[in-house]
Amino acid sequence: MYANRSYVDGEGAIGRSATRQDRNDREKGEGRMGVIGWDGRMRLPARLSRLRRRTSAISAEVATSELLSAVPEPVVPPPLRTPRPAAWWIVPAALLVGGAASGVAWWLLSTLPPLPTSAEEATARQGAIQTALALAAGIGAAITLMLAFRRQRHQEHAAHVTAYLTERNARLAEQVAEHNRQDATERRVTELYTKAVEQLGHTTAAVRLGGLYALERLAQDNPDHRQTIVNVICAYLRMPYTPPSDSAQQGSVHAVLRATVAGVSTPATGHDPHEERQVRLTAQRILVDHSHDNRTPEQREMELAGPRFWEGMRIDLNGATLIDLDLTGCHLTDAQFGEAIFEGDFRINGVAFEGGVRFDGATFKKSAWFENITFRGNANFGWVAFRGSAWFTKAVFMSDVNFTQATFARNASFAKATFMKRASFFLATFTQEVRFGGATFTGDANFSRATFMKGVWFSGEPSKGIAGARIIPGAVFKRNAEFGEATFARDVRFRGVTFEGIVWFGKATFAQAPRFEDVRIVRPDGEHVWPVNWVLVRREDGSGLLQESNAEPPPSPIAAAEDK
């Protein structure tokens, strides 16, 4: 009666007992499951068509096995073996009961003493047989109890496995549903992204503006795609563009705005420069708005960023034409502006760059403001053309900075700037005045072959020239300072400057006599090279002091203190 009991196999599937013939047929069938044709479809023999449904279910379970492998599994119930045929325990049980009854009866009857009467002997034999049968009944009851316990335990295990499979199937359904949602989301994002990128190439300015705003919204709602969308916007700004002249721009600005709102474009070939200016300003605004981070450096470690801030943004604007770009207050991981053209003023005050920054070969047509900026990585300003004023007041360069062959056409200021590693101004040209008052050069400073056409101040001076204001200290050079073959065409002031390393003015040219008032030399024994007519005099505290060769030596500070 147990031949058709439910059982649980090693893989957690519930079925019925299989006979030897069924197993043989199944093994033979598995060897003839079919082959995969050139079209990738499975071809099955006709006699195995009844297994199609089961094969489909197994295929679905295999297809989703990767989803289940990523989810921590609960405790898996122990696999139960397939129940054996009932004969294996019925025959031994019957033999045990029969043997026990026969053995007890034989033992009781063989040890039965002789009785005086036949009636008493018959009664004794009957009692022995009853005792043997009672023992057999007890053994049968024990076997029945064991079988009932086994059945109960089997049912509990089956219920446990059923619950486990139900839970697993529920999790699997959730995983599949989540996967389908993610897949649908990715398809929707891809469609929107493709459509927005196509709009950027449209000839109508209004359509291009719509594409930019669509990309912005897409990036705001999908953080994983933000950098890709930023790359697309940067690539658009890198496309060739020639801004209109100021006179033409003033005469058509209102017409451009009306055409942009109405979605009308000029019939001329290519993009109208006035309309394109509005599109590019919008692209710049998107980048600027989402790179603003109002948190302080301390708050960035404790607080989360705002929803509008796209953290970790990297921008590549090499060769781009940028119009009145203002990155004040932005926080960028990496920025590339090599050979870019900055139309109008450029402001980048209070910005922190986490990675390297490139401005090499860039052209700033008007003023450039780099005040209170922090460069954590290398900063490259080689071959930059500053046609307007350049302001690096209180800038911090934490890594190497390069101004090789940079050209400063107007005034420049590096007042209170900090150069923590090597600073190179090799072959730089300063057409107007430049100030380094209060600057600190922690690494080597290289001004070799630099040209200073107007005044250059490394000295301390009143703040912004206001009478009674506090004095800005002179520059401090903590390592070597190289001025070899530099050209100073006008005033040169080093008042209050401190040189802690080697100083080299070999072959430097001075159109006017330089000023070295109160210059302090920490290492007077170093291999210094000073301008002509200037000599180093050792002071009482062991430091050195520069003075002109025909001037009287300065009084000893100890003697001056005693006289006072």
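The residue count restarts for each chain, going from 1 along the sequence in the order it is written. In keeping with the model being predicted, local features are shown solely for residues with a pLDDT of at least 70 and side-chain atom pairs are shown and tallied solely at 80 or more, while totals for entire chains, interfaces and linings include all residues. Note that water and hydrogens are dropped before the side-chain values are worked out from all heavy atoms of the structure.

Draft legend 1. Looking closely at the overall build of the protein chain. On a plain count of helices and strands, the protein chain comes out with 11 helices and 42 strands. Each residue is placed in one exposure class: buried if its accessible area under a 1.4 Å probe, protein chains only, is under 20% of its type's maximum, exposed if it is over 50%, and partly exposed if it falls in between. Evaluated residue by residue, the protein chain yields a buried proportion of 37% over its 564 residues. Intrachain contacts of the protein chain at a sequence separation of at least 6 include 36% that bridge at least 24 residues. Only the protein chains shown count as cover for residues, and the accessible areas themselves come from Shrake-Rupley with a 1.4 Å probe. Within the structure as shown, the protein chain displays about 32000 Å² of accessible surface, and the carbon and sulfur contribution to it stands at 55%. A run of H or I in DSSP counts as a helix once it spans at least four residues, and a run of E counts as a strand once it spans at least two, with each numbered from the N terminus. Contact criterion: two residues are considered in contact whenever any of their non-hydrogen atoms come within 4.5 Å of each other.

Draft legend 2. Structural detail: the pairing of strand β41 (residues 534-538). Bridging between β41 and strand β42 (residues 544-548) involves 5 bridges; their strand directions are antiparallel. Opposite W534, over in β42, you have E548 as the bridge partner. Paired strands, in this sense, are two strands between which DSSP finds at least two bridges. Turn length for the β41-β42 hairpin, with the two strands adjacent in sequence and antiparallel, is 5 residues, and the turn residue G542 shows positive phi of about 95°.

Draft legend 3. Representation of the nonpolar core. Grouping buried Ala, Val, Leu, Ile, Met, Phe, Trp, Tyr and Cys residues that are joined through side-chain atoms within 4.5 Å yields what is termed a nonpolar core. Ranked by internal contacts, the top residues of the largest apolar core, which has 96 residues, are F337, F370, F381, F414, F447, F477 and F499. Sorting the residues of this core by element identifies α5 (118-200), α6 (205-221), α7 (226-237) and α9 (273-289) as the ones contributing at least two each. Considering every element that reaches this core, the biggest residue donor is α7, with 7 residues. The residues contacting F447, other than those within four sequence positions of it, are F425, F436, F441, F452, F458, F477, E482, F483 and A486.

Draft legend 4. Structural detail: the pattern of salt bridges. The term salt bridge refers to a pairing of a side-chain nitrogen on Lys or Arg with a carboxyl oxygen on Asp or Glu at a separation within 4 Å. Overall, the coordinates contain 19 salt bridges when judged by the stated rule. Among the ionic pairs, E276 bridges to R208, the shortest N-O distance being 3.2 Å. Here R208 lies in helix α6 and E276 lies in helix α9, a separation of 68 residues in the sequence. Across this residue pair, the class does not change: E276 and R208 are buried. Among the charged side chains, a salt-bridge network with shared partners connects E216, R285, D289 and R308.

Draft legend 5. Summary view of the sheet that holds strand β13 (residues 363-364). Across the sheet, 9 strands lie side by side as β6-β9-β13-β17-β21-β25-β29-β35-β39; this open sheet has parallel pairing. Among the strands making up the open sheet, the edge pair consists of β6 (321-323) and β39 (509-510). Taken together, the 2 bridges between strand β35 (residues 487-488) and β39 define a ladder with parallel strand orientation. Bridge pairing links F488 to F510 in β39.

Draft legend 6. Up close: the sheet that holds strand β19 (residues 396-397). Strand order in the open sheet formed by 11 strands is β7-β11-β15-β19-β23-β27-β33-β37-β40-β42-β41, with mixed pairing between adjacent strands. With partners counted over all chains shown, the strands left at the sheet margins are β7 (331-332) and β41, one partner each.

Draft legend 7. A look at the packing of aromatic side chains. Here the aromatic set is Phe, Tyr and Trp, taking the six-membered ring for Trp, and pairing holds for ring centres within 6.5 Å; pairs whose planes are under 30 degrees apart are stacked, those over 60 apart are edge-to-face, and all others are tilted. Tallied over the entire structure, the rule returns 69 aromatic pairs. Aromatic pair F337 and F342: ring centres 5.9 Å apart, planes at 45°, arrangement tilted. We note that F337, like F342, is buried. Between F436 and F458, the ring centres sit 4.8 Å apart and the planes meet at 10°, which makes this aromatic pair stacked.

Draft legend 8. Structural context of the environment of L215. Of note, L215 is situated in helix α6. Considering only alpha carbons, one finds L215 and T194, 21 residues apart in sequence, at a separation of 9.7 Å. Not counting residues within four places of it along the chain, the set of residues in contact with L215 comprises Y193, A196, L200, I229 and V232.

Draft legend 9. Layout of the confidence of the model for the protein chain. Of all residues in the protein chain, 74% attain a pLDDT of 70 or more, and the chain-wide mean is 78. Residue range residues 55-60 is modelled with pLDDT below 50. Its contacts to residues more than four positions away, or to other chains, number 1 contact. For residues 556-560, every residue scores under 50 in pLDDT, and the model assigns this stretch 3 contacts once sequence neighbours within four places are set aside. What pLDDT expresses is the predictor's confidence in each residue, scored from 0 to 100.

Draft legend 10. Representation of the side chain of S459. Within the secondary structure, S459 sits in the loop between β30 (456-457) and β31 (461-462). Here S459 falls in the buried class, since its relative accessible area comes to 1%. Filtering out sequence-adjacent residues up to four positions away, S459 remains in contact with G437, P473, G474, R493, F494, R495 and V497.

Draft legend 11. Here's a closer look at α9. Helices are assigned an expected span. That span is 1.5 Å times one less than the residue count. The end-to-end C-alpha separation of α9 is 24 Å, in line with the 24 Å expected for 17 residues at 1.5 Å each. Burial analysis of α9 places 12 of its 17 residues in the buried class, which makes it a mostly covered element. Taken together, the buried positions of α9 are H274, E275, E276, R277, V279, R280, T282, A283, Q284, I286, L287 and V288. Here a polar contact means two N or O atoms within 3.5 Å. Within protein one must be a hydrogen donor candidate and the other an acceptor candidate, and residues neighboring in sequence count only if both atoms are side-chain atoms. A side-chain oxygen of the first residue of α9 lies 3.0 Å from the backbone nitrogen of H274; this N-cap is D272.

Draft legend 12. Local environment of the pairing of β42. Most of β42 sits inside the fold, with 4 of its 5 residues counted as buried. For strand β40 (residues 520-521) and β42, the ladder comprises 2 bridges, and the chain directions are antiparallel. The partner of I521 across the bridge, within β42, is G544.

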